[in-house]
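# Descriptive analysis of the structure
For reference, the chains in residue letters:
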Amino acid sequence: MIPARFDYLRADSLEEACQALASDEDAKVLAGGQSLLPLLRLRLSYPTTLVDIGRLPGLSGVEDRGDHVHIGAMTTHDEVMRSPVVNAACPLVAMATATVADPAVRHRGTFGGSLAHGDPAGDLPAVVLALDGVFVARSERGERDIPAAEFFVDYLESSLRPGEILAGVRIPKLGEGWGYHYEKFHRTAQAWAIVGVAAAVKRSNGAIQEARVGLTNMGSTPLRARAVEAALRGVEVGEQVRPACEAAAEGTSPPADLHAQPDYRRHLAKVLTYRAIGKAAGAP
Amino acid sequence: MTELDAGLVGEQIAESGQVAEPSGRREIGRARRRKEDARLLTGHTRWTDNLQQPGMVQVMFLRSPMAHARITRVDVSAARELPGVLAAFSGRDFADEQGSLPCAWPVSEDIVIPDHPPMAVSEVRYVGEAVACVVATDRYRAADALEAVEVDYEPLPAVMDMHDALTPDSPKVHESGNKAFSTTITSGDVEAAFRDAPVLIDRTYIQQRLIPSAMEPRAVLASTDGDTFTLWSSTQIPHVLRVMLAVTTGIPEHRLRVIAPDVGGGFGSKLQVTAEEVLCLLLTRRLGRPVKWSESRSEGNLTVHHGRDQIQHVRLAAEADGRIRGLRVELLADMGAYLMLVTPGVPMLGASMFNGIYKMDAYEFACTGVFTTKMPTDAYRGAGRPEATYAIERVMDELAAELGIDPLEARRRNWIRHDEFPYTTVSGLTYDSGNYEAATERAMALFGYDKLRAEQADRRDRGDPVQLGIGVSTYTEMCGLAPSRLLGMANYGAGGWEHGSVRMLPTGKVEVITGTSPHGQGHVTSWSQIAADALGVPFDDITVLHGDTAVAHKGMDTYGSRSLVIGGVAVLQACEKVKDKARKLAAHLLECSPDDLEFEAGAFKVRGTGASKTIQELAFAAFTAHDLPEGVEARLDSDATFDPDNYSFPHGTHLCAVEVDTETGMVKIRSYVAVDDVGKVVNPLIVEGQVHGGIAQGVAQALFEEAVYDADGNLLTATMADYLLPSAADLPAFTTDRTETPSTGNPLGVKGVGEAGTIASTPAVVNAVVDALRPRGVRDVQMPCTPERVWRAVQGTRGGERS
């Protein structure tokens, strides 16, 4: 890889890293590098300084904090998908993480890095959005909570401010009675999702009490399929699920690329939502 | 100087344990693990990019962002001023010495071979064409300096579509126009075959453009001592390259050494004389420093020659019972912007193969080569034969559908029976041997053909959203490129022989020198097996040297499934000559007639007595030369050049079952059975590897890979995020087996296996996809059969043709 020239700072403390980022708008955080390095390689990004946060203490690891799980930003995908806490308390995160790229990428790429990158084709943003996760941003001024619904602003753009670093994410525990599924549609195992659907469903007496649906790659940001969520409320698990899922593409503006045109993506969103809901609801 | 006691040294060698015992087993046919692997897999490798030379510098090329433009200004002065930069040049700086990249295959009288400067001087004709270069102390500085080179372009219209390119008012790629060549081959009375034919099939298929993706990207290193030049290149063809570079650059052949060190795959993409090879030589001549170039993967996707890219119009006339009367093929072949080494020859390699394994009375092949403003195409695994096989195997399924019979039955009614070989086909080739019935029967049994057909019927009846499709491909291919006589008739610029030599070393070890240039095929192992059997020496006592024109001085290199069929036979013949010499020496030492000697397990034995001499003893006796018979030289070393009389024709039956999700368009391969007949097998493990890799590559064309240019000529698939290669995770476990019908054209009975899997598998997979959807009126899905294309075919909209 032959990137353009940049300076490199290995931060010893979060404060130092925040300071470096605050003082230079064109500085970039280097976490696992799995999204940033390809951009550097293609010379699509010309940062002045890479602020390496790889050795900062306290940014990595998964913690059970009672009503939520805290996932440190620098926790690798591999750690996340193997974490007993994640698998027990928020299995949807583990399921989606297991579909990210390939083992090599999952050993270097980080949970926080992939979210802060804000790629709507990434698998994790839709999941955290569906689970109403809370992003914890740190800066010289202290800590700030950003609800997932406010975090993803536009394509590759988050609401992190200059000088802010994503320190971790809080994933609320949904409690008993929930089922989960991440339905990823892609052409090869390592390829991005053409469309992905993250579903969490709470069943009660054979009916859907509540459903959460996040959509991957159906717009410039990850999206919630709110119309589906509303339509599913109270629906018996069975024949009525499919019509409810017909609303999956409402309010989306899916991209056109080599793998899919928007009309095909809208169609896929409906089919995949139906499948994801079915699996999350434990339907046969 | 100590006097050498020959007897003592000989004993020492024998007692040192260095001479391993021959195993007594035949080596040919053994699934030997490859000698190459331990070194390659543990990183003890010599890829061109790993090589270092004192004073070495790096060159990088600035590449055109325009598909077609006049170059009005190139200013490299700012780049020259940057730190670490030694030199920067435009194409004009080399205009007088860079010559034109060669095309060795003028396939027709009317062919136009345009000037192809390694670095563009006045006009660029594809995105990625080199317009300037920077030489710096390292690649980082060179890459930075490239950004300081200024080029002004005057845009010209891109020419992207072959049909449009041939219209009279199309913009021209070259002044001479957009037609590179046209040619027609006719056999039999085609008009009569089609007149009043009870069954007519008329189809058009698109062979999409592919990007060869060898594991090792290309790299070149050139150096000179002021007198001689050495070029290391990640090439399949060091010998051909040396000749062509001598002709192109004017560096006399005897002062140019070409080395292909470890080469990590080629698939035809390294069967080329590249701009970068020529320019590295010219740069080292101008600068007096070793100059290296290494491509990035994205640079490679733009500038490695591409493969396929044909539009095939195929018409087949048949009797009511399905017997084929005649076949007409009209081909448009996209040459890209220039004719490279064998660009126009690729469609012609398929010209005689569209009739496949089938008997018919008449055949017509018409091909037009078309210039477009894209990267030139050239050989890619199979080169012309996968395209031909795809067309005929697709059309055979259409014939079956038309008649309402099983696709295998349509084939049975037309194929050459095993008792009809050797068989001269309608296109004039003589197939040496084969048994299509046996391979098909075996494949059907392994596949569970009838059971899967039953499941297919059941899913159709139930209206299952996931439909099952079964695809058939009963392919043959033309291997062992090529008999020199036939190449001469085809106006190819070289012969097709191969050279092998054997050096018997004093200690009884053996050096085999081959003119083939392995880059993943395992020749070191297979040639060792051939020599071990022929000479009776242990497998481990043999080394194989290759890929360096100073070591392996004669050769025609590796491509076209030729290495074993021609090069392996040359090694065998050289071994036989060694044995002839050894026999004379043994007879002399054992004081008997050569006719009284029998050769067994590496030793000449006097019939009826216990007296014998091992070949190792004889090698040492030849080395000491103390007691040689009259007229025998002090060596057993021998060489041989083999030129076959005919091609060889492997064949096989591949069966593929796919599940097509009609709601999403996703195609999943459920099972895949390949029964190949590649003649005699030297190393079953290597054959298995070739078949697996070949199938993967053919499946990739069917389902995944496509080089996509936009209307302006920009390559949209320059990275592997956009150009999809399947990995093991995307492929099923293949079931493979073999039948064995020896070739009659060479003493090993071998046929070649390098391209078989790729040639066979593409139509098997697409036939399966179409088979799954045929009840819905689908009869074609354009490759690659992406989920979106399949879904649209199901919807009856774009991307799939409906009847």
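Every chain is numbered independently, its residues counted from 1 as its sequence is written. The lettering of chains begins at A and the numbering of ligands begins at 1, in the order of writing. Residues qualify for local features only when their pLDDT is at least 70, as the model is predicted, and side-chain atom pairs are given and counted only at 80 or more; totals for whole chains, interfaces and linings, by contrast, use all residues. Working from all heavy atoms in the structure, the side-chain values ignore hydrogens and water.

## Thoughts on the interface of chain A and chain B
Two residues qualify as a contact provided that any one of their heavy atoms is within 4.5 Å of a heavy atom in the partner residue. Listed by partner, the interface residues are 29 residues for chain A and 31 residues for chain B. Put simply, buried area is the surface a 1.4 Å probe can reach on two separate parts but cannot reach once they are joined, added for both. By the criterion of area lost to chain B, the three top residues of chain A are Ile-2, Arg-187 and Leu-258 of chain A, representing 28% of everything that side buries. In the sections that follow, a salt bridge refers to a side-chain nitrogen of Lys or Arg positioned within 4 Å of a carboxyl oxygen of Asp or Glu. Seen at the junction of chain A and chain B, the total is six salt bridges. Linking Glu-663 of chain B and Arg-242 of chain A is a salt bridge whose minimum nitrogen-to-oxygen distance equals 3.1 Å. N or O atoms closer than or at 3.5 Å make up a polar contact, with two conditions inside protein: a donor-capable atom paired with an acceptor-capable one, and, for residues adjacent in sequence, both atoms drawn from side chains. At the junction of chain A with chain B, the criterion picks out 17 residue pairs in polar contact (both at pLDDT 80 or more). Counting from the N terminus, the helices are the DSSP runs of H or I reaching at least four residues and the strands are the DSSP runs of E reaching at least two. For the side of chain A that touches chain B, the element with the most residues is helix α12 (residues 262–280) of chain A, which contributes seven residues. Any residue that is not Ala, Val, Leu, Ile, Met, Phe, Trp, Tyr, Cys, Pro, Asp, Glu, Lys or Arg is counted as polar, Gly included; the first ten are nonpolar and the last four charged. Its residues assigned to classes, the side of chain A that touches chain B comprises 16 nonpolar, six polar and seven charged.

## Let's talk about the environment of Ser-170 of chain B
All names here are of chain B. Within the fold, Ser-170 resides in the loop between α5 (162–165) and β7 (179–187). With 43 residues separating them in the primary sequence, Ser-170 and Val-127 have C-alpha atoms 19 Å apart. Look past the residues within four positions of Ser-170 in its chain and what remains in contact with it is Val-159, Asp-164, Ala-165 and Asn-178.

## Things to note about the packing of aromatic side chains
In this analysis, rings of Phe, Tyr and Trp, with Trp reduced to its six-membered ring, are considered paired at centre separations within 6.5 Å, and the interplanar angle assigns stacked below 30 degrees, edge-to-face beyond 60, and tilted for intermediate values. A complete count under the given rule lists 18 aromatic pairs over all chains for this structure. A centroid spacing of 3.8 Å and a plane angle of 5° characterise the contact between Phe-135 of chain A and Phe-151 of chain A, whose relative ring orientation is stacked. Separated by 16 residues along the polypeptide, Phe-135 of chain A in strand β6 (residues 134–139) and Phe-151 of chain A in helix α9 (residues 148–151) bring together distant segments of the chain. A relative accessible area of 0% means that Phe-135 of chain A is categorised as buried. Each ring, one from Tyr-264 of chain A and one from Trp-791 of chain B, has its centre 5.0 Å from the other, and the planes form 35°; the classification is tilted. Pair noted here: Tyr-264 of chain A is in helix α12 and Trp-791 of chain B is in helix α21 (residues 787–795), and the two residues belong to different chains. Take Tyr-264 of chain A: its relative accessible area is 0%, and that puts it in the buried class. When accessible area is computed with a 1.4 Å probe and restricted to protein chains, residues below 20% of their type maximum are described as buried, those above 50% as exposed, and intermediate ones as partly exposed. The exposure class of Trp-791 of chain B is buried, given its relative accessible area of 7%. We note Arg-328 of chain B situated over the ring of Phe-194 of chain B; from NZ or CZ to the ring centre the distance is 4.9 Å. Remark: a charge is flagged as sitting over a ring if the NZ atom of Lys or the CZ atom of Arg is within 6 Å of the ring centre and within 35 degrees of the ring normal.

## Some points on the sheet that holds strand β22 (residues 597–600) of chain B
Residue and element names in this part refer to chain B. Pairing is antiparallel across the open sheet formed by three strands, whose spatial order is β22-β23-β24. Across the chains shown, the open sheet's two edge strands, defined by having one partner strand only, are β22 and β24 (612–614). Taken over all neighbouring pairs, the strand axes of this sheet differ in orientation by 20° on average, direction set aside. In terms of strand pairing, β22 meets strand β23 (residues 603–606) through four bridges, oriented antiparallel. Within the sheet, the bridge partner assigned to Leu-597 lies in β23 and is Val-606. Lines fitted to C-alpha atoms define the axes, with helix axes restricted to the stretch in contact, and inter-axis angles between N-to-C directions lie between 0 and 180 degrees. Taken strand by strand, helix α18 (residues 615–624) contacts β22, β23 and β24, and its axis lies near 75° from that of β24. Should DSSP find at least two bridges between two strands, the strands are regarded as paired.

## As for the domain arrangement of chain B
Residue and element names in this part refer to chain B. All domain edges in this entry derive from an automatic or database-based domain assignment. Domain parsing of chain B yields domain 1 (6–30 + 497–642), domain 2 (49–156 + 218–294) and domain 3 (307–481 + 646–802). Inter-centroid distance (C-alpha atoms) of domain 2 to domain 3 is 37 Å. Between domain 2 and domain 3, the residue contacts involve 29 residues of the former and 24 residues of the latter. Its largest share of buried area at the contact with domain 3, domain 2 owes to Trp-105, Tyr-126 and Phe-267, together 28% of the area lost on that side. Our count for the domain 2 to domain 3 interface comes out at zero salt bridges. Run the count over domain 2 and domain 3 and you get seven residue pairs in polar contact (both at pLDDT 80 or more). Residue composition of the side of domain 2 that touches domain 3, by class: 20 nonpolar, five polar and four charged.

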